[in-house]
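Each chain is listed here by its residues.
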Amino acid sequence: MKNTDFDSKRIARGYVNRPWLHKQVMEQYIKDNALSKKLSHGLDVGCGAGLSTKALRLICDDVTGTDISPAMIEVCKEQYQGNSSYDFYVAKAEETVIPKEKYDIVTAAGMVNWVDRDLFLQNMSHVLTEKGVLFIYDFWITDQMQGSEKYTDWYQNEYLKKFPKPPRNEDIWTQEDLTEDFRMGKQIVYDMPYKFIFEDFVEFIMIQSNVNAKIESGSMTESEVREWMKKSLQDIFVGEAKTLIFSGYNWYIYKR
């Protein structure tokens, strides 16, 4: 899937209502880095609809969000208009503008699978302060629902077969992958539970990259996909909200 496939208003609007697990990620960052006070300036590359930028604002006085998609940036500006602590502009992650005051931290949520690593790191070296932090993280829905084997069967044998995941670079970065400007710190993997009601889960799954790929290709219409989701999931989401398990990782990379 090309990055430009994310450039649609439907997807951008859908991203606004994604689960705000980014907050949990940032709380983990505070714990792992013993952060005791706010940083001055933060950059969020590949900011999407701004949920990761909102999370970065928890630890920074001022934040900037960039994304390759004009539709995403438009939604961000609508969401945070009038708040001078936020700034957004369209840019590739490898081509972030060097600011007058460099950033104390750069966050990259769910986007390093799509970048040119060497160009990205070169750019990050230019925009970060000395001893600044490049914080790379991601999280994704798994095939696990608390107390339900039916969901696991649906995910593996119906969902992924109908909507196969598009290829992407899933390499885990090591110190050898970094430029001499950076040092790899702790890398952690962890699970995050999140409760969904039926309707919210359907809307969430509708904006997954594999589902978007099917719709963008013209193989299925949005209404056809939504109808299939509702029909195939209705026997799994019975009664109260269901707890789904997300898996995620944090990489802490420090500028020397």
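In what follows, the structure referred to is the one given above.
No experiment lies behind these values; they were computed from the predicted model shown.

Here is what the cut-offs are and how they apply
Residues numbered from 1 in each chain as written. Predicted model: local features only at pLDDT ≥ 70, side-chain atom pairs only at ≥ 80, totals over all residues. Heavy atoms only, no water. Helix = DSSP H or I, 4+ residues; strand = E, 2+ residues; numbered from the N terminus. Expected span 1.5 Å × (residues − 1). Buried < 20%, exposed > 50% of the residue type's maximum accessible area, 1.4 Å probe, protein only. Arc of directions from axis to C-beta. Contact = heavy atoms within 4.5 Å. Pairing = 2+ DSSP bridges. Axes fitted to C-alpha atoms, helices over the stretch in contact; angles between N-to-C directions. Parallel < 35°, antiparallel > 145°, perpendicular 65-115°, else oblique. Left-handed = near helix turned anticlockwise from the far one by under 90°. Phe/Tyr/Trp six-rings, centres within 6.5 Å; stacked < 30°, edge-to-face > 60°. Nonpolar A, V, L, I, M, F, W, Y, C, P; charged D, E, K, R; others polar.

**Q** Account for helix α9 (residues 222-233), with residues named and values stated.
**A** Given a rise of 1.5 Å per residue, twelve residues ought to cover 16 Å, and the 16 Å separating the end C-alpha atoms of α9 matches this to within 8%. All buried positions along α9 are accounted for by V225, R226, W228, M229, S232 and L233. One side of α9 holds all its buried residues, which, seen down the axis, span an arc of 160 degrees. Of the residues in α9, the exposed ones pointing more than 90 degrees away from the buried face are S223, E227 and K231. Contact partners of the buried residues in α9: α6 (149-162), α7 (198-205) and α8 (209-217).

**Q** How would you explain the environment of T53 if you had to name every residue and give the values?
**A** One can find T53 in helix α3 (residues 51-56). Classification of T53 by relative accessible area gives buried; the value is 0%. Distance in space between the C-alpha atoms of T53 and G65 is 6.1 Å, their sequence separation being twelve residues.

**Q** Tell me what's going on with the pairing of strand β7 (residues 242-255), and back it up with residues and numbers.
**A** Burial runs high along β7: 14 of the 14 residues are buried. Across ten bridges, strand β5 (residues 128-145) lies against β7 in antiparallel orientation. Pairing of V133 across the sheet is with Y254, part of β7. As judged from the 13 bridges shared by strand β6 (residues 182-196) and β7, these two strands associate in the antiparallel manner. Residue pairing across strands places F196 opposite K242, the latter belonging to β7.

**Q** Describe the packing of α6 against α9, listing the residues and the values that go with them.
**A** In the contact formed by α6 and α9, the axes pass within 12 Å of each other and the chain directions differ by 165 degrees. For the element pair α6 / α9, the angle class is roughly antiparallel. Note on packing geometry: the crossing formed by α6 with α9 is right-handed. Residues W154, E158, Y159 and K162 of α6 touch α9, and the partners they reach there are W228, M229, S232 and L233.

**Q** Explain the packing of aromatic side chains residue by residue, including any values.
**A** Counting across every chain of the model gives 29 aromatic pairs. A ring pair is formed by W140 and Y249, whose centres lie 6.0 Å apart and whose planes are at 55 degrees; its orientation type is tilted. Here the residue W140 occupies a position in strand β5, and Y249 occupies one in strand β7, the gap between them amounting to 109 residues. Given the relative accessible area of 33%, W140 is considered partly exposed.

**Q** Any chance you could break down the packing of α7 against α9 for me, citing the residues and the numbers?
**A** Running from N to C, α7 and α9 cross one another at 135 degrees; their axes reach a closest spacing of 10 Å. One element, α7, and the other, α9, form an angle in the oblique class. By crossing handedness, the relation of α7 to α9 is classed as right-handed. Between α7, through F198, F201, V202, E203 and I205, and α9, the contact on the second element is made entirely by R226, M229, K230 and L233. In terms of residue class, the contact of α7 with α9 is made up of six nonpolar, no polar and three charged.

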